[in-house]
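Descriptive structure summary
Given next are the chains, with one letter for each unit.
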Amino acid sequence: MRTSFFIIIFILFTAVKVDTKTNFVYNFFQPKTEVAVELTLEEKLDTLLQAIIQVESRGKNISGDNGNASGILQIWKIQVDEVNRVSKLMNKKERFTYKDRWDEEKSKQMFFIYVEYWSKDLDFEKIARCWNGGPTGHRKKATLHYWKKVQFELEKQELLAEK
């Protein structure tokens, strides 16, 4: 009985010459899959960047940490020096001044160069914690709280995107 059922299905698949989009038998037995939209690397990193900006400055071009950190990403002078150092190592032509911390686009460029050099595996937690605590920030206990804040912002973005 079971064998005859599969024979009939096989005959229907091979004998019926109907467009597969309108063929009920063909479509009935096709696995149902959801189409997942895969984000590009830039889109994924931009999502993280926006969360970090929210944690650092709420998107405002401000000065923090007693005047040591500046701009939307709260960049310290030592971070500018590090970005310039790794940019040179990577044979990139970009170089930044301390004043560039106040420029949103240049701040974002510094972030991406820093991430490209120090976080090749593109793990969001590692990226965020290194941004907060330097190249070994992902190993520092002190950056865990920062990561929790970034996670919270990422979750808020996800909820907003669903609406």
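Check the entry above for the structure.
Predicted model, so just to flag it, every value in this text is computed and none were measured.

As for the nonpolar core
Among the nonpolar cores identified, the biggest contains 27 residues, and Ile52, Leu73, Phe111, Trp131, Tyr146 and Val150 are the most heavily contacted of them. For this core, the leading source of residues is helix H3 (residues 41–57), giving seven residues. Setting aside anything within four residues of it in sequence, one finds Val150 in contact with Leu48, Ala51, Ile52, Val55 and Ala128.

A short note on unusual backbone geometry
Of note in the backbone geometry, Arg58 takes a positive phi value of approximately 55 degrees without being a glycine. Within the element layout of this structure, Arg58 appears in the loop between H3 and strand E1 (63–64). Even without a glycine there, the phi angle at Asn91 is positive, about 60 degrees. If you trace the backbone, Asn91 turns up in the loop between helix H4 (77–89) and helix H5 (104–118). Of the residues examined, Asn91 reaches a relative accessible area of 72% and is grouped as exposed.

Quick look at the sheet that holds strand E3 (residues 75–76)
Pairing is antiparallel in the open sheet, where three strands are placed in the order E1-E2-E3. Because the sheet does not close on itself, it has two edges, and the strands there are E1 and E3. Strand direction decides the pairing type here: strand E2 (residues 69–70) and E3, joined by two bridges, are antiparallel. Looking across to E3, one finds that Ser70 is bridged to Ile75.

Definitions and limits used
Residues numbered from 1 in each chain as written. Predicted model: local features only at pLDDT ≥ 70, side-chain atom pairs only at ≥ 80, totals over all residues. Heavy atoms only, no water. Core = buried A, V, L, I, M, F, W, Y, C linked by side-chain atoms within 4.5 Å. Buried < 20%, exposed > 50% of the residue type's maximum accessible area, 1.4 Å probe, protein only. Helix = DSSP H or I, 4+ residues; strand = E, 2+ residues; numbered from the N terminus. Contact = heavy atoms within 4.5 Å. Pairing = 2+ DSSP bridges.

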